[in-house]
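Notes for the structure review
This is what each chain is made of:
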Amino acid sequence: MALVAGFSGFYVQDEVVHFTNHLPSELTQLTYRMKIAESVLEIKLTATETTVVVISGPIPTYGVSVNGQLISLAKTVR
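Residues numbered from 1 in each chain as written. Predicted model: local features only at pLDDT ≥ 70, side-chain atom pairs only at ≥ 80, totals over all residues. Heavy atoms only, no water.

Judged by pairing direction, the sheet is antiparallel, and its 3 strands sit side by side in the order β3-β4-β5 without closing on themselves. Both edges of this open sheet fall to β3 (29-36) and β5 (50-56), since each of them pairs with a single strand only. Each strand axis lies, on average, 20° off the axis of its neighbour in the sheet, ignoring direction. Here β3 runs beside strand β4 (residues 39-46); their pairing, made up of 8 bridges, is antiparallel. If you follow Lys35 over to β4, its bridge partner there is Val40. (Pairing = 2+ DSSP bridges. Helix = DSSP H or I, 4+ residues; strand = E, 2+ residues; numbered from the N terminus. Axes fitted to C-alpha atoms, helices over the stretch in contact; angles between N-to-C directions.)

In structure tokens, the structure reads:
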């Protein structure tokens, strides 16, 4: 959980899930999955990009903020 909270700046406030990329330059990427409510999200951090996609479950009804911007999520087809 320390990697998630630290490197991805993960926290929840007022029904919004926040991610802020703090990936150190020594790492090229960090990818992990987390279940929030009924949705499984995949979060991928690189030096220049933060992506959040729904892997399974419904599209969340709660807000998701990436680097300070509210985003809309889509379900990934694999």
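Having put the structure on the table, let's press on.
What follows deals with the nonpolar core. One finds Phe19, Met34, Leu41 and Ile43 to be the most contacted residues of the largest nonpolar core, which totals 18 residues. Elements with a minimum of two residues in this core: β2 (16-19), β3, β4, β5 and β6 (63-66). By residue number, the principal contributor to this core is β3, which donates 4 residues. (Core = buried A, V, L, I, M, F, W, Y, C linked by side-chain atoms within 4.5 Å. Buried < 20%, exposed > 50% of the residue type's maximum accessible area, 1.4 Å probe, protein only.)

Bringing the pattern of salt bridges into the picture now. Under the criterion given, the structure shown has 1 salt bridge. Linking Glu42 and Arg33 is a salt bridge whose minimum nitrogen-to-oxygen distance equals 3.1 Å. Given the relative accessible area of 48%, Arg33 is considered partly exposed. (Salt bridge = Lys/Arg side-chain N within 4 Å of Asp/Glu carboxyl O.)

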